[in-house]
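Overview (structure and organization)
The chain contents come next:
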Amino acid sequence: PCPAGFACLGYGTFVPRICDPGTYRSTADSIPCKLCPQRTYSSHSGLTDISQCLPCPEGRVCGTQGMPDLQLSDVCPDGHVCGYVTDRFAQYDHKCPGGVYCGNETTTSKQYSNHCLSGTYCERGTTHALRAKNKCSKSHFCAVGTSKPEPFTTRCPKQTTSVIGAKDMESCVISKVAIYDKISFRPDNPFDAVSYYPVDNVTVNEEDNGGVEVMVVEKILPFNANSSNVMPWKNDTVEVFRPCPAYGFAAQNQAAITVIGRNFRNSTNLTCRFRICHGLKRESDKGVDLVMPGFCDAVAVNLSNAILAAGTFIDETRVSCSVPAFDAGVDFTPLNSPDVDSSPTQLCLRDDGGALYLSQKCSDAEVRSGVCAFERSLPAYGLRRRVYSLFVSCSKGDVVNGACGNDSSKLNPCLTQQLIVDVSNNGKKFSGDGSIVPYTSALSDSSASNNARVIPPTFAIYDVVLEDGAPMTEKNTFQSSTDFDSEFCQRPSSHEEERRMVEDGWFLSPYMSRFHLSFDWRHLPTYLVYDKHYTLAVYVVPSRCKGSGTNYHDVENIPCLQPMELPIWFTNGAIDKNQMMNLTLTSLDDSMFRVEVQIINGLALPLADFFERTMSVVVDHPQRARTLGQELSTRTLSPLVSWEEKSVDMTYMFGVRYDQSYSEHITAPMNLPPRWKQFERGRVLIGMNSTHENNSPSIKDEIG
């Protein structure tokens, strides 16, 4: 027989012909040599089996049969990876991985060798020629080996941005906010207010600073209670939101309701005040006024004399109040109010049996149904219907005025009466009184408000159902609804009862008090730079100043939204902040102040916790002017800092009066307090102190 590895092409072949490179023949095959299949090659002669055909190596494409050497193969195309035994059909199956680029003849072992350049990104299949084509997107940075245009893990930190093609996080700069995109300040915002700075006050690596500001990324209250001798201020402004339940029967004397609000105090003088709303709702029909009891609105007017009841403290947001007994025949007769003259016609009437009802104008559908008739007491006003039900449907006007809320019906105003309920911690000043504190002198700017502080009144509205007003079946249903709502309305509301960060961190500073603030920043990393990554802000109340509004026009903010200007000695870049930094605050009026460490560059946001509990506060008051044997007296705090105007000890001190006319004969003292204009951000003197261990240079304030 013909030996393996040879071909015997004719009968009687004496000398077999050896198989050429790229072919093979086994004893089981036919007489001629066979070609090595695609994806293989062989440079040797006389192969005796197909298994002796060598596999196509990595990085090459073996697309033809019978290849005697690799010179006849193709290189793996750019942007792709070719493993062993790759043919022309499989050469595009495996793209180069993301984050790297591939030239031709790339093998599996070398596919991760060429990382994408920094500032660019390489998607799958990126070729060597296009390795620098795709630039990193704005507000992102692309390190070496980035595979996406906007990688989530390399997004610029909060409130920072970058140009296209940024290479690292250091390329991210503070993002500026257009003035018209600012978040407006809302005094009723239960959360902390957003702060902004003019670009000139912050180091920003951008140009075109007109009409833009920088937003504070994070605020830290650095107060450390363990190293201080004073605790933060506690808000004494009582607020009332709602009662629970919101309605009940007049006959249920001494029924307890829960008043939900804020800043209640466990005091022996905790008092609930109830007043009846005698407001009227007027309708005009054919030129004649028709009146019926109205509902209490946001501005409570036409109220009865107050009935006081002791409140039971539950917690700072809840007080239990016992509803006092009312004389339905006297107290619940709003139509006998002096506000009603003889000309209007009443719509709350009694039938022959003495039952109360509301005379309501009929709709077209009710006229067609035949339920309407002429009212004897109102014969000139057409067909009307008597409503004895406890609930009546809402008119379009009721929905617009908010008398119905989200419901399509409301309580019958002829069968119910509304009460105003408010609360006082000291039995003197109630939440429903509100507070308006005017300035002592008129301002030159006629467009400015002359009120230094305005606190609107807050109260709850409680609906009382008259005992003889509703059918028994409806009373039973109403009672069941009351029991259900009593449980439902007790659920806490985060908007009403949650902590308000805007009230945290304030310190009460009575007149001529002096506060020593010490900041221990010795542990801060040296690469954390003041005024580039973070800054210190001291806010003071009372204050008022103008700032940029969302419409590019300056608006006056009360209190001022900008912090006090700190001493140059503190802010100067030559002063190393990685040490004990000291400030002294002296109040020229009853004031409050709040100290914040503000992160102004998102790059420093991960280090915000480094500022926690780094500030110690020590307070002292004038004492040297107190004489022996003198009885201590008290005074009330300014309503600008204490809504209740709490009593505090009288401060005694020596003082010198210096009039402007004295300057002609006596040189003004070097420490003479500046004029009021220079204290529009707060009547507080701020100075920097140094210790004997501090080697920082002394820097004087600028003159003028």
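Please refer to the structure placed before this passage.
Here's what I pulled together on the structure shown here.

Parameters and conventions
Each residue is numbered by its place in its chain's sequence as written, counting from 1. In keeping with the model being predicted, local features are shown solely for residues with a pLDDT of at least 70 and side-chain atom pairs are shown and tallied solely at 80 or more, while totals for entire chains, interfaces and linings include all residues. Processing note: side-chain calculations cover all non-hydrogen atoms of the structure and skip hydrogens and water entirely. Here a strand is any run of E in DSSP of at least two residues, a helix any run of H or I of at least four, and the numbering for each starts at the N terminus. Only heavy atoms enter the contact rule, under which two residues are in contact if any of them lie within 4.5 Å. Disulfides are defined in this document as cysteine sulfur pairs within 2.5 Å. Only protein chains enter the accessibility calculation, which uses a 1.4 Å probe; a residue is then buried when its area is under 20% of its type maximum, exposed when over 50%, and partly exposed in between. Two rings from Phe, Tyr or Trp (for Trp, the six-membered ring) form a pair when their centres are within 6.5 Å of each other. A pair whose planes differ by under 30 degrees is stacked, one over 60 is edge-to-face, and the rest are tilted. None of His or the chain ends enter the tally, which takes Lys and Arg as positive and Asp and Glu as negative. By definition here, a salt bridge exists when the distance from a side-chain nitrogen of Lys or Arg to a carboxyl oxygen of Asp or Glu is within 4 Å. By the criterion applied in these results, polar contacts are pairs of N or O atoms within 3.5 Å in which, for protein atoms, one can donate a hydrogen and the other can accept it, and in which residues neighboring in sequence qualify only through two side-chain atoms.

1. Looking at the overall build of the protein chain
Each helix and strand counted, the protein chain has five helices and 44 strands in total. Counting contacts in the protein chain only where the partners sit at least 6 residues apart, residues at least 24 apart contribute 69% of the total.

2. Notes on the state of the cysteines
According to the stated counting rule, one finds 12 disulfides in the structure shown. Here C244 pairs with C489 through a disulfide, and the sulfurs are 1.7 Å apart. Measuring handedness by torsion sign, the sulfur bridge of C244 and C489 sits at about 80° and is right-handed. On the criterion of sequence distance, the pair formed by C244 in strand β15 (residues 239-244) and C489 in the loop between α3 (472-488) and α4 (494-497) is long-range, its members being 245 residues apart. Just as C244 is buried, C489 falls in that class too.

3. Topic: the packing of aromatic side chains
Using the criterion set out here, one finds 11 aromatic pairs in the structure. Consider the rings of W521 and F611, whose centres lie 6.0 Å apart with planes at 90°: the pair is edge-to-face. One end of the pair, W521, is in the loop between β35 (514-520) and β36 (534-541); the other, F611, is in the loop between β40 (591-599) and β41 (615-620), and 90 residues separate them in sequence. Relative accessible area serves as the criterion here: at 0%, W521 is assigned to the buried category. Relative to Y534, the ring of Y530 has its centre 5.3 Å away and its plane inclined at 85°; by these criteria the two rings are edge-to-face.

4. Looking at the side chain of K429
Structurally, the position occupied by K429 is in the loop between β30 (416-424) and β31 (435-438). No salt bridge is formed by the buried K429; the nearest opposite charge belongs to E645, separated by 4.3 Å. Polar contacts involving the side chain of K429 include one to the main-chain carbonyl oxygen of W643, which spans 2.9 Å. Apart from the residues within four sequence positions on either side, K429 is in contact with V423, S424, G434, S435, W643 and E645.

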